[in-house]
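Spelled out, the chains give:
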Amino acid sequence: MTSHNTLLRPILTIDGEEEFSLLSGKVNFPGSNAINTLTVEISDVEKEEKSVLGRKVEFYLNYDNNEGLPIFRGYITSFKPSGNKITLKASDPRIYLTSNMSPSISLTDKDNYDGYTLGSFLYKYISEKINEDEVRIGLDMLQDTDPVISLKGERKDKINPYDIIKKKLNENINTDDGLDASKKYSCIMVEGNDNSNITFVKRKSLEDNLPVFSYSLMDGIEDLNYTKRNPPNTAFIKGDQKESSTFKYGNRPRGIFNKDVEYTSTNSKITGRAVLERAGMKSLLADRAETAEITLTVNKGIHIGLESLVSIESGHFSHKDKYIVGNHIVVGKSISFNSNSCKTILKLNRPQPLISDYF
């Protein structure tokens, strides 16, 4: 870990009161619509399980130009005593949209959200079911996707609200606009002064946006690991009317690398093989911009959010320069800390496969 003794002072609060026995911990932002988590160890072994479960926590790192906003805000979901310490785990407020904290929804022909977009569904559900007595999930930054994602025709027996969000975001392929609009949307949390705000953010173009941070071997990068993967070149598209099609990208000299695409025609005025192939093409092109997997250990930019654009400047990367140098999307982040040191790791470009959405 890199020492920042003069700049670093981790602070954990539980329901607004500082926990002075904080020892160490880790904040994990896995990306891919998964829920952010905080795991900490405290030495106050007198705390009772029932006194902390479900309580609100805020974690401040007080490092790297912190402007008073917490690195993480959420609710304690587990309590594990062990010897002379206790391990607490907290999840961001989206946990209230999962099966752990929220009753399942059954979408039927009688009870459904046919007239709602993804954004309006979230607003209604959170306002009526989660924020009844206090604001647990902020709505000040919530805005719809563009074009909007409709819940018309969505039917499912016993599904939790956040699974609906993830399902629709994964299915969404914008076939109405040009290829540059094929970027994906993600559901993220943005910390505010008083609450954590839920919103949708569109994957940025690597070429048409300015990075929020620049890194180099001489400035910010402590370690760099790199993996090059073959992007998908063949899409097998399945429509919602039992039709299917295949789209092939290029002549595929290195073999076939498959991707399955599900296409829902609810919002489309045109159906048929051509529409399916276009959906497959756009889905492939969205993925082909993210063929490099880069892990950066950095000592600045700790407050960079998921889906932010960063750049890596030319250095001594030799033959890897063409994959490493340039703009990249932050798709994951983790921060490990103790009382006087921290280690920040950024995952750039392709998200890693997840075993679970929030464990």
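Residues numbered from 1 in each chain as written. Predicted model: local features only at pLDDT ≥ 70, side-chain atom pairs only at ≥ 80, totals over all residues. Heavy atoms only, no water.

**Concerning helix α2 (residues 118-130)**
Item 1. Compared with an ideal rise of 1.5 Å per residue, which puts 13 residues at 18 Å, α2 spans 17 Å between its outermost C-alpha atoms and is within 8% of the ideal.
Item 2. Where α2 is concerned, the buried positions are L118, G119, F121, L122, Y125, I126 and I130. The arc that holds every buried residue of α2, seen down its axis, measures 155 degrees, which confines them to one face.
Item 3. Packed against the buried residues of α2 are β9 (105-107), α3 (161-171) and β12 (196-202). (Helix = DSSP H or I, 4+ residues; strand = E, 2+ residues; numbered from the N terminus. Expected span 1.5 Å × (residues − 1). Buried < 20%, exposed > 50% of the residue type's maximum accessible area, 1.4 Å probe, protein only. Arc of directions from axis to C-beta. Contact = heavy atoms within 4.5 Å.)

**Looking at the side chain of R94**
Item 1. One can find R94 in the loop between β8 (85-91) and β9.
Item 2. On the basis of relative accessibility, which here comes to 1%, the residue R94 falls in the buried class.
Item 3. Among the polar contacts listed, one links the side chain of R94 to the backbone oxygen of C187, at a separation of 2.9 Å.
Item 4. Not counting the four nearest positions on each side in its chain, R94 is found in contact with N33, A34, I35, N36, I137, Y162, C187, I188, M189 and I198. (Polar contact = N/O pair within 3.5 Å; in protein donor to acceptor, adjacent residues only side chain to side chain.)

**Some words on the pattern of salt bridges**
Item 1. Overall, the coordinates contain 18 salt bridges when judged by the stated rule.
Item 2. With a closest N to O distance of 3.3 Å, R9 and E18 form a salt bridge.
Item 3. Owing to a relative accessible area of 45%, R9 belongs among the partly exposed residues under this scheme.
Item 4. Note that D163 and K166 form a salt bridge whose closest N and O atoms lie 3.4 Å from each other. Of the two residues, D163 and K166 both sit in helix α3, three residues apart, roughly one turn of that helix.
Item 5. When its relative accessible area of 31% is taken as the criterion, D163 is described as partly exposed. (Salt bridge = Lys/Arg side-chain N within 4 Å of Asp/Glu carboxyl O.)

**Details of unusual backbone geometry**
Item 1. Note that the residue after D146, namely P147, is joined by a cis bond; omega there is 0 degrees.
Item 2. Considering the arrangement of structural elements, one finds P147 in the loop between α2 and β10 (156-159).
Item 3. A positive phi angle, close to 50 degrees, is found at D15, a residue other than glycine.
Item 4. By the secondary structure assignment, D15 is in the loop between β2 (11-14) and β3 (17-18).
Item 5. Judged by relative accessible area, D15 falls into the partly exposed class, the value being 45%.
Item 6. Not every positive phi belongs to a glycine, and K158 is a case in point at roughly 60 degrees.
Item 7. Counting through the fold element by element, K158 comes out in strand β10.
Item 8. A relative accessible area of 63% places K158 in the exposed class.

**Comments concerning the packing of aromatic side chains**
Item 1. Following the criterion strictly, the structure yields six aromatic pairs and no others.
Item 2. Ring geometry for F213 versus Y215: centroids 5.5 Å apart, planes at 20 degrees, classification stacked.
Item 3. Given a relative accessible area of 25%, F213 falls into the partly exposed group.
Item 4. Put simply, the rings of Y113, Y116, F121 and Y125 touch in pairs and so form one group of aromatic residues.
Item 5. Taking the ring centre of Y215 as reference, the NZ or CZ of K300 above it sits at 6.0 Å. (Phe/Tyr/Trp six-rings, centres within 6.5 Å; stacked < 30°, edge-to-face > 60°. Lys NZ or Arg CZ within 6 Å of the ring centre and 35° of its normal.)

**Side note on the packing of α2 against α3**
Item 1. For the pair α2 and α3, the least separation of the axes is 11 Å and the interaxial angle reads 170 degrees. Put simply, α2 runs roughly antiparallel to α3. Of α3, the residues touching α2 (which contributes L118, F121, L122 and Y125) are P161, I164, I165, K168 and L169.
Item 2. Of the residues contributing to the contact of α2 with α3, the split by class is eight nonpolar, no polar and one charged. (Axes fitted to C-alpha atoms, helices over the stretch in contact; angles between N-to-C directions. Parallel < 35°, antiparallel > 145°, perpendicular 65-115°, else oblique. Nonpolar A, V, L, I, M, F, W, Y, C, P; charged D, E, K, R; others polar.)

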